[in-house]
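# Commentary on secondary and tertiary structure
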Amino acid sequence: MTPDYYLVLATILFTIGATGVLIRRNAIVLFMCIELMLNAANLALVTFSRINGSLDGQIISFFVMVVAAAEVVIGLAIIMSIFRTRRSASVDDANLLKY
Amino acid sequence: MEQTVEFAPATGVLSLIWLLVAIPLASAAVLLLLGRRADKWGHWLGVLSVAASFVLGLVFFANLAGLESGSRSAELSLWEFIAVGKLQVDFGLLFDPLSGVFVLLITGVGSLIHLYAVGYMEHDPGRRRFFGYFNLFVAAMLLLVLGNNYVMLYFGWEGVGLASYLLISFWYTRPSAATAGKKAFLMNRVGDAGLAIGIFIMFATLGTTDYGAVFNGLSGLSATTVLVLGLLLLIGACGKSGQFPLQAWLPDAMEGPTPVSALIHAATMVTAGVYLIARSNPVYTANETLQLVTVAVGAITLLMGCIIGAAKDDIKRVLAWSTVSQIGYMFLGVGLGGGAYALAIIHLLAHGFFKANMFLGAGSVMHGMHDQVDIRRFGALSKHMKITWLTFATGWLAIIGIPPLSGYFSKEPIIAAAFEREVAWEAWVFGLAALLGAGLTAFYMTRLFVLTFHGPARWTEDNQHPHESPLIMTIPLILLAIGSVAAGWLMSTSVADWLTPVFGAEQAEPHGVLSHTMITILSLVVTVIGAGLAWSLFRRGTALEPQPAGVVVTAARRNLYTDAFNEAVFERPGIYLTRALVFLDNKGVDGVVNGIAAAVGGGSGRLRRLQTGFVRSYALSMLTGAMLVVGAFIAIQLGWLV
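Residues numbered from 1 in each chain as written. Chains lettered and ligands numbered in written order. Predicted model: local features only at pLDDT ≥ 70, side-chain atom pairs only at ≥ 80, totals over all residues.

As annotated in an unreviewed UniProt entry, chain B is NADH-quinone oxidoreductase subunit L from Actinoplanes aureus.

Here is the rule: UniProt positions are given in the numbering used here, feature names are shortened, and annotations may be inferred rather than shown by experiment.
An unreviewed UniProt entry annotates chain A as NADH-quinone oxidoreductase subunit K of Actinoplanes aureus. If you open the UniProt record of chain A and go to Subunit (unreviewed entry), you find "NDH-1 is composed of 14 different subunits. Subunits NuoA, H, J, K, L, M, N constitute the membrane sector of the complex." Listed in UniProt under the heading Catalytic activity (unreviewed entry), the comment for chain A reads: "a quinone + NADH + 5 H(+)(in) = a quinol + NAD(+) + 4 H(+)(out)".

## Details of the overall build of chain A
For the record, the criterion: Numbering of helices and strands runs from the N terminus; a helix is a DSSP stretch of H or I covering at least four residues, while a strand is a stretch of E covering at least two. Using C-alpha atoms as the atom set, the radius of gyration is obtained and then compared with a globule rule of 2.2 Å times the number of residues to the power 0.38. Here a residue counts as buried when 20 or more other C-beta atoms fall within 10 Å of its C-beta, as exposed when 12 or fewer do, and as partly exposed in between; the C-beta atoms come from the backbone. By the criterion used throughout, residues are in contact when their C-beta atoms, derived from the backbone, lie within 7 Å.
Within chain A one finds three helices and zero strands. Counting helices and strands in the order they occur from the N terminus, chain A gives α-α-α. What you see for chain A is a C-alpha radius of gyration of 16 Å, clearly larger than the 13 Å of a compact globule of 99 residues, by over 25%. When the 99 residues of chain A are sorted by exposure, 14% land in the buried category. The contacts of chain A with a sequence gap of at least 6 include a subset with a gap of at least 24, amounting to 46%.

## Comments concerning the overall build of chain B
Within chain B, the regular secondary structure consists of 25 helices and two strands. Along the three orthogonal principal directions, the C-alpha set of chain B runs to about 120 × 65 × 60 Å. Residues counted as buried form 51% of the 642 residues belonging to chain B. Counting only contacts in chain B whose residues sit at least 6 apart along the sequence, the fraction spanning at least 24 positions is 81%.

## With respect to the UniProt feature "domain: NADH-Ubiquinone oxidoreductase (complex I) chain 5 N-terminal" (unreviewed entry) in chain B
Residues annotated in UniProt with the feature "domain: NADH-Ubiquinone oxidoreductase (complex I) chain 5 N-terminal" (unreviewed entry) correspond here to residues 81-131 of chain B. As annotated, residues 81-131 of chain B comprises 57% helix and 25% strand, and the C-alpha atoms at either end are separated by 28 Å.

## Some words on the environment of Trp-489 of chain B
Residues and elements named next belong to chain B. Along the chain, Trp-489 falls in helix 19 (residues 471-491). Accessibility expressed as a C-beta count within 10 Å gives 15 for Trp-489, which makes it partly exposed. In the structure, Trp-489 is positioned 81 residues away from Tyr-408 in sequence and 8.8 Å away in space, judged by C-alpha atoms. Aside from chain neighbours lying at most four places away, what touches Trp-489 is Pro-404 and Phe-409.

## Considerations on the interface of chain B and chain A
Going by this rule: Charged means Asp, Glu, Lys or Arg here, nonpolar means Ala, Val, Leu, Ile, Met, Phe, Trp, Tyr, Cys or Pro, and polar covers whatever is left, Gly included.
Listed per partner, the contact involves 11 residues of chain B and 10 residues of chain A. Grouping the constituent residues of the side of chain B that touches chain A by class yields five nonpolar, three polar and three charged.

## Brief notes about the confidence of the model for chain B
Applied cut-off: Per-residue confidence from the prediction method is given by pLDDT, with values spanning 0 to 100.
Per-chain confidence: chain B averages 85 in pLDDT, with 98% of residues scoring 70 or above. As scored by the predictor, the complex reaches a pTM of 0.77 and an ipTM of 0.86.

## Digging into unusual backbone geometry
In this chain, Phe-244 of chain B is followed by Pro-245 of chain B through a cis amide linkage whose omega measures 5°. Located in the positive-phi region is Arg-87 of chain A, a residue other than glycine, with phi close to 55°. By C-beta crowding, Arg-87 of chain A is classed as exposed, having 8 other C-beta atoms within 10 Å.

## Here we look at the packing of helix 3 (residues 97-120) of chain B against helix 19 of chain B
Residue and element names in this part refer to chain B. Our working rule: An axis is simply a line fitted to the C-alpha atoms; with a helix, the fit covers only the stretch in contact. Between two such axes, the angle follows the N-to-C directions and lies from 0 to 180 degrees. An angle below 35 degrees is read as roughly parallel, one above 145 as roughly antiparallel, one from 65 to 115 as roughly perpendicular, and any other as oblique. Take the far helix as your reference; a near helix turned counterclockwise from it by less than a right angle gives a left-handed crossing, and one turned clockwise gives a right-handed crossing.
Between helix 3 and helix 19, the shortest axis-to-axis distance is 7 Å and the interhelical angle comes to 155°. It follows from the interaxial angle that helix 3 and helix 19 lie roughly antiparallel. Here helix 3 and helix 19 pass one another in a crossing that is left-handed. Here Leu-112, Ile-113, Leu-115, Tyr-116, Val-118, Gly-119 and Tyr-120 of helix 3 lie close against helix 19, whose contacting residues are Ile-472, Met-473, Pro-476, Leu-479 and Leu-480. Broken down by class, the residue content of the contact of helix 3 with helix 19 amounts to 11 nonpolar, one polar and no charged.

## Describing the pairing of strand 1 (residues 74-84) of chain B
Residue and element names in this part refer to chain B. Rules: At least two bridges found by DSSP between two strands are what make those strands a pair.
Pairing of strand 1 with strand 2 (residues 87-95) involves nine bridges; the strand directions are antiparallel. The residue bridging Ile-82 from the neighbouring strand is Val-89, located in strand 2. A loop of two residues connects strand 1 with strand 2, the two strands running antiparallel in sequence, and Gly-85 in this loop sits at a positive phi of about 55°.

## Things to note about the domain arrangement of chain B
Keep this limit in mind: For the purposes of this description, domain bounds are those given by an automatic or database domain assignment.
By domain assignment, chain B separates into domain 1 (311-546) and domain 2 (566-601 + 614-637). Relative to domain 2 of chain B, the C-alpha centre of domain 1 of chain B lies at a distance of 71 Å.

Structure follows, in structure tokens:
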């Protein structure tokens, strides 16, 4: 089994995640898309680790998971507070920080 | 010819000469610092301090006279004044025959004028302030003549400049007085710059500014250096003494109270220039060109003063131009060199008496005539102000040089000395200029005298009751009148002998283009012609309004266009330069600064439109950026870019 399929799968997952971030409005969905992109990156890292026969990629993927977990904690808190004040989880509505 | 200049150290009583300066200075400090608390008695303190200086001056003078004639000087170093690198200047004083006569003139005439001012300023609320400034002036002037080096002289020089400024603009609420004060200060600065650079040159070439060391070091300097040094000192002298081309401030200085005009702008401060040149006589004797320039300045100024003086109608301005002209005679004298140095000093002393006398007389006339200054609106005052009239008459006869009054003994020898110049054309030019000046002086002084005191009364104010001034004003007038009468023959030989240690004993043989008797007769003849002409013209009074006049009179009324010249050549370009600089600053320098700020501000105003607040567009730009970076990596990896 060639590792190339894993890379193709990672690319497809990343593209789905990126497209989701660009076209969806709901902050929760956006968040899930971001998670998807992170996991696609993790999959690519693990695959490269396998190809190169070193553990570096796997170690980095653990770091990514830790960062992703931390990010989810903060991100969900922000989304919660935005939802509480504006009764909406749409990222297009939260547009006060502009010129 | 070369002789070393040495000053003996001060001993005995003479080591107290610092008191001469310290007493008026202390009094000035008390008057100016105590403020209103000294209003009641301040003026008497002012008079007393100067009188005390005068008495001390007499004592010191007598002590100096008691010394042997070879070592008749007293040099006193009080403390180290400036010590920077090689520049060592002591706060040193020098009391020698030359400064001795100046001290007596300043304190003697000064005391009388202080006394007069007690009466003259009686109703002025600022009388204490006035006496404070007056004492400050006397202290600075004494420092000027008593310093033993050029820096001390400069110290006093600036001090009198300051006092003069304060006193000219004493009535500072009048715009004309404030302007006149500024004008005097500015024109004096021009001269002071010359003097300062002269002192720098002394230090640069000789490494010292002490009189003795400078004079002894002159022989080691090139002729050009001496010439430049002398010319710079001459510029300083011209500025302070109101000589051509820096004469314009002096007549305007008459805006000050009359005692100021009498003391500062007639008797003492304006003669500081003559003192400077007389003190620096080794410099001037060392260079022929320098003497010629000084003589020319004197001759031009004396004629100019006479011509303008003859056309003015303001009693104080006529006297001011007369002062300019008489100091021209003194410059002529010091420029001629040799025996004429002493003649100039004698004329200076005599002038101090008769001009102070006439200025105070003019003040007395103004006092009785509600501050009227226009001589066309006087007339017939001889009946009402007998003492002023008689004392003014002595001043008038003295200045035009009628024997045996002082002017005859002091001015006529200068005219004779001018005719004794070695080069024939110079003798004729300067001699005739001095002679013509004598005739013109007789004309305008007689005009002034006749229009003021004789002829029909032309008073224009209602309820005009001219009255004689109080005793406190007339007593100084009487004493000065006695001086005007007697000073000439008292001083003519004694002062010349007295000053021999300063100027050297060179007694020129009369080898002039005209004989001495001839010159005496000629000068008396032009004097009588001038006076007679003025008497016959103005005996019956004059019109109250300015009459149409020819080219010469119009020019003279407008100060021979010297003010217009200054305005056109110095003032206008200065104003234009200022305007150009302001424009450059506003539009150029400020333009660059404001332009940069506007560009940054405007640019950021447009750039911030990028911040839309639309989160997904940010995400797109991040994605695009990430793709560009990845693309660049791939391109490099595949070798497309290298």
